[in-house]
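Working through the structure, step by step
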Amino acid sequence: MNKNIINAVELPRIINVENNMYCAAFDLMKLLPARHMIENAVKDKLINKDTIIIETSSGTFALGLAMVCNLYKYKLIIVSDPVIDDSLRRRLEDLGTRVEIVDKEHPQKGFQGARLEKVNEFLKMYPNSFWTNQYDNHNNSDAYADVAELLVKEVGEIDAVIGSVGSGGSMSGVCKYLKKVFKDLYVIGVDTNGSVLFGQKNSSRQLRGLGNSIMPKNLDHTLFNEVHWIEAAHAYRETRLLHEQYALFMGGTSGAAFAVAKWYHHNNPEKRIVVLLPDKGYRYQDTIYNDQWLKDNGLWIDELPVSPNLVKTPREAQDQGGWNRMLWNNRPYEDVVKEN
């Protein structure tokens, strides 16, 4: 693979979709941190030509890492679970990746906990191995400095940034650098019910690509002014509208972020906002973009919620479900949880 191919797709297109509302639309957001992590590990002599790269992922980070490892001719093992879709698995294997599936959940930490246990098994099995560790590796969030620089160049002054949160890398990385330029930047994180990231208890989640069963070190809670929890059916309907109304063919996490961005823009039309859209919609043509699949899985809705409920605690949001928002007010995680 020619390095120029990665260069061409790792930064987003900046699109002014409405007055004062901009989308940073990525072909594959996770390609940027994947390359940054590998190149820095090589620089730090943590990787040589015989090293086996290991990571746990069921989504786009796996694909970004597979592209980078294919480029540099490294062996890659991706540990995933049954939620990985067949098209992604085929793409990974075409790029030379070994895909290992864990089929039993960890009692407390779900499939992500079970996947991490498998990663540790492989690290012991292969002495010359390197775990990129997207959740805790600071090179994940540091990679997004280039995105922040691009946003300043293309958009100018920015009042608010809205984006989904999974590993914590993209939102923490982009906003950490933007706050050095815009001290009053308003940051809204988009999560889903059943995710531990902002104080809820771990439970099953239909909306994939955001949320988490474990707490990543890359997530800097003090950057966030506000948090929204949104559910799959709502996010998927917004994903379809994003395509129908703006010809932006994106994935479900983009729809979740865009739902919140539309609401915020409607209530703050004078604010210049940026919403991060992580990946394109090709993986979801048989699911999110398939009416029958949505109906068969109970994810079809005719009407969208008008606005979120304002809650005081993450537990309140989880108990009532649906679309909720909470004023996080740049507090550390521990300060919020003790009130929960």
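A brief report on the enclosed structure follows. Treat the numbers as computed from the prediction; the structure is a model and nothing was measured.

1. Section: the side chain of asparagine 140
Position of asparagine 140 relative to the elements: it lies in helix α6 (residues 138–142). Looking at asparagine 140, its side chain comes within polar contact range of the side chain of serine 167, at 3.2 Å. When neighbours within four sequence positions are excluded, asparagine 140 is seen to be in contact with Pro33, Met37, Gln134, Ser167, Gly169 and Asn218.

2. Quick notes on the packing of aromatic side chains
Summed over all chains, the structure comprises ten aromatic pairs. Ring centres of tyrosine 246 and phenylalanine 258 lie 5.6 Å apart, and the angle between their planes is 70°; this geometry places the pair in the edge-to-face category. Note that tyrosine 246 is positioned in helix α9 (residues 232–246) and phenylalanine 258 in helix α10 (residues 252–267), a separation of twelve residues in sequence. Phenylalanine 258 sits in the buried class, given a relative accessible area of 0%. The rings of Phe198, Phe224 and Trp328 are connected pair by pair, giving a single aromatic cluster. Sitting over the ring of phenylalanine 122, lysine 118 keeps its end group 5.5 Å from the ring centre. For the cation-ring pair, lysine 295 lies above tryptophan 300, with the distance from its terminal atom to the ring centre recorded as 4.8 Å.

3. Focus: the state of the cysteines
Under the criterion given, the structure shown has zero disulfides. Cysteine 23 carries a free sulfur, and the closest cysteine sulfur to it, the one in cysteine 175, is 15 Å from it. For cysteine 23, a relative accessible area of 0% corresponds to the buried category.

The rules we used
- Residues numbered from 1 in each chain as written.
- Predicted model: local features only at pLDDT ≥ 70, side-chain atom pairs only at ≥ 80, totals over all residues.
- Heavy atoms only, no water.
- Helix = DSSP H or I, 4+ residues; strand = E, 2+ residues; numbered from the N terminus.
- Polar contact = N/O pair within 3.5 Å; in protein donor to acceptor, adjacent residues only side chain to side chain.
- Contact = heavy atoms within 4.5 Å.
- Phe/Tyr/Trp six-rings, centres within 6.5 Å; stacked < 30°, edge-to-face > 60°.
- Buried < 20%, exposed > 50% of the residue type's maximum accessible area, 1.4 Å probe, protein only.
- Lys NZ or Arg CZ within 6 Å of the ring centre and 35° of its normal.
- Disulfide = S-S within 2.5 Å.

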